[in-house]
Amino acid sequence: MLSHTHFLLLSGALFAIGVAGVFVNRRHVLVLLMALELILLAVNTNLIAASHYLQDLGGQVFALFVLTIAASEIAVGLAIVVVVFRSRATIDTEELRELRE
Amino acid sequence: MGFQALLFYALAAVLLTAAVATVTLRCMVRAALCLILAFFTAAMLWMLLHAEFLSILLVLVYIGAVLVLFLFVVMMVERETPAEQRAPFRLSAALVALLMIAELLAVLGSEDFGPAQEVPSTIGSNTQALGAVLYTEYALAFEAAAVALLIAIVGAIALTLRERGEQHRQKPSEQTQASKQERLRLTDGRTEPPC
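Just so we're clear, the structure is a prediction, and the values are computed from it rather than from any experiment. (Residues numbered from 1 in each chain as written. Chains lettered and ligands numbered in written order. Predicted model: local features only at pLDDT ≥ 70, side-chain atom pairs only at ≥ 80, totals over all residues. Heavy atoms only, no water.)

It is worth spelling out helix α2 (residues 28-48) of chain B at this point. Residues that lie three or four places apart on an α-helix share one face, since the helix turns once every 3.6 residues. Residues and elements named next belong to chain B. Look at α2: 30 Å from first C-alpha to last across 21 residues, which is about the 30 Å you get at 1.5 Å a residue. For α2, the tally of buried residues reaches 20 of 21 residues, placing the bulk of the element in the interior. Looking one or two residues beyond α2, the residue adopting positive phi is H50, at roughly 65°. (Helix = DSSP H or I, 4+ residues; strand = E, 2+ residues; numbered from the N terminus. Expected span 1.5 Å × (residues − 1). Buried < 20%, exposed > 50% of the residue type's maximum accessible area, 1.4 Å probe, protein only.)

Below, the structure written as structure tokens:
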């Protein structure tokens, strides 16, 4: 039978993939956002698994709020990507270094 | 190994593979497709955890709106792909769709779910139970989340809105200021040739 550990391991692995994705794809803002989405998905899976195995609905409510905030985060993030692409014609982070110099 | 465990391992394998593909694939359209597959698989896993409402929410709202928006932006931002690269897109899209259908059939069509297996509880279904606590115990947090969404909408629109010069649209301020002398010219039809 499935235990809590199965889901904890799965969401841990998913979280690790997301974090690795952030480091691997530092040049591509869009893939960076996708890796962030994966991290949040791992967190949500963790919350829901805890909610199921501890028989507490609070976990699912919290996952709902995480989804809400993730949706708004991605909306604003994509808007920023679109604006940057419009004004610079690139979203490569290596070429966006006006503030560094 | 029971059917649920088998399903869990299959879904976990698909989920992790899709996640790895999302962060490693060079082509961003394919990465976005893999992200959609990962989210869908996670939704099916949530179904295994009896979080039916959130699972459906993830498919309908998150995949249906947010990730498709993601795909739009990826296609807009990415440079023009040569024609010979388009056929594999269709192939990978078909593969993702087939996997999603297979997962749906495996999870929703299995005997482990359905009315016979429903856990008898005092509050009713998962959606009812969630609603019962969401609008009472967590009402303040719910309202705060609604405000956060509103701010995000306003912010996203304000960021991407731009004024274009030559746009054909109604300008009510000019329309209400128009006078008869500007718009109307009376002729008797004979002294002047029709234009």
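Here the narrative resumes, following the displayed structure.
Its boundaries defined by the atoms lining it, the second largest pocket holds a volume of some 550 Å³. Around the second largest pocket, the lining is made up of 27 residues, and of these L67, T68 and A71 of chain A together with V61 and L149 of chain B lie nearest the centre. Mapped by element, the contributors of at least two residues to the lining of the second largest pocket are α3 (58-88) of chain A together with α3 (52-77), α5 (126-134) and α6 (139-160) of chain B. In this structure, the lining of the second largest pocket is formed jointly by two domains, domain 1 (8-79 + 92-113) and domain 2 (119-158) of chain B, each of which donates at least three residues. (1 Å grid on protein atoms, 1.4 Å probe; cavity = no way out; pocket = protein on both sides within 12 Å on 5 of 7 lines; lining within 4 Å. Points joined across faces, edges and corners; volume = space filled by probe spheres on them. Domains from an automatic or database assignment.)

With that settled, consider the nonpolar core. Core analysis: the biggest nonpolar cluster contains 76 residues, and L30 of chain A together with F70 of chain B have the highest contact counts within it. Of all the secondary-structure elements, those providing two or more residues to this core are α1 (4-24), α2 (29-53) and α3 of chain A together with α1 (3-24), α2, α3, α4 (86-108) and α5 of chain B. The dominant element in this core, judged by the number of residues it contributes, is α2 of chain B, at 18 residues. Mapped onto the domain boundaries, this core takes at least three residues apiece from domain 1 (8-79 + 92-113) and domain 2 (119-158) of chain B. (Core = buried A, V, L, I, M, F, W, Y, C linked by side-chain atoms within 4.5 Å.)

Listed per partner, the contact involves 53 residues of chain B and 51 residues of chain A. Between chain B and chain A, a total of about 4,800 Å² is buried, with carbon and sulfur atoms accounting for 83% of that surface. One can count 7 residue pairs in polar contact (both at pLDDT 80 or more) joining chain B with chain A. Counting only elements with at least two residues in the side of chain B that touches chain A, the list comes to α1, α2, α3, α5 and α6 of chain B. Examining the composition of the side of chain B that touches chain A, we find that 13 residues originate from one element, α3 of chain B, more than from any other. Residues belonging to the side of chain B that touches chain A are distributed by class as follows: 46 nonpolar, 5 polar and 2 charged. (Contact = heavy atoms within 4.5 Å. Buried area = accessible area lost by both parts, 1.4 Å probe. Polar contact = N/O pair within 3.5 Å; in protein donor to acceptor, adjacent residues only side chain to side chain. Nonpolar A, V, L, I, M, F, W, Y, C, P; charged D, E, K, R; others polar.)

Below, the discussion takes up the packing of α3 of chain A against α5 of chain B. The geometry of α3 of chain A relative to α5 of chain B is characterised by a closest axis approach of 10 Å and an angle of 80° between their N-to-C directions. Taken together, α3 of chain A and α5 of chain B sit at an angle that is classed as roughly perpendicular. For the pair formed by α3 of chain A and α5 of chain B, the contact residues are Q60, V61, L64 and F65 of chain A on the first element and N126, L130, V133 and L134 of chain B on the second. Residue composition of the contact of α3 of chain A with α5 of chain B, grouped by class: 6 nonpolar, 2 polar and no charged. (Axes fitted to C-alpha atoms, helices over the stretch in contact; angles between N-to-C directions. Parallel < 35°, antiparallel > 145°, perpendicular 65-115°, else oblique.)

Let's shift gears to empty space enclosed by the protein. Under the defined criterion, the tally for this structure stands at 1 cavity of 30 Å³ or more. Within this model, the largest cavity holds a volume of roughly 40 Å³. As for the largest cavity, its lining consists of E37, L40, L41, N44, L67 and A70 of chain A together with F39, L58 and Y62 of chain B. Counting residues per element, the lining of the largest cavity draws most heavily on α2 of chain A, at 4 residues. Looking at the lining of the largest cavity residue by residue, the classes come out as 7 nonpolar, 1 polar and 1 charged.

Attention shifts here to unusual backbone geometry. Even without being glycine, Q55 of chain A reaches a positive phi, approximately 55°. Mapped onto the elements, Q55 of chain A comes out in the loop between α2 and α3. On the basis of relative accessible area, Q55 of chain A is assigned to the exposed category, the value being 67%. Positive phi is not limited to glycine here, since H50 of chain B has a value of about 65°. Topologically, H50 of chain B is positioned in the loop between α2 and α3. For H50 of chain B, a relative accessible area of 31% gives the class partly exposed.

Turning our eyes to something else, we now look at the packing of aromatic side chains. One pass over the full model with this rule turns up 5 aromatic pairs over all chains. On the basis of an interplanar angle of 45° and a centroid distance of 6.2 Å, the ring pair of F7 of chain A and Y53 of chain A is categorised as tilted. Within this pair, whereas F7 of chain A is found in helix α1, its partner Y53 of chain A is found in helix α2, the two being separated by 46 residues in sequence. We classify F7 of chain A as buried; its relative accessible area is 1%. Taken together, a centroid distance of 5.0 Å and an interplanar angle of 80° make the contact between Y135 of chain B and F142 of chain B edge-to-face. Among the aromatic residues, ring-to-ring pairing joins F7 and Y53 of chain A together with F8 and Y9 of chain B into one connected group. (Phe/Tyr/Trp six-rings, centres within 6.5 Å; stacked < 30°, edge-to-face > 60°.)

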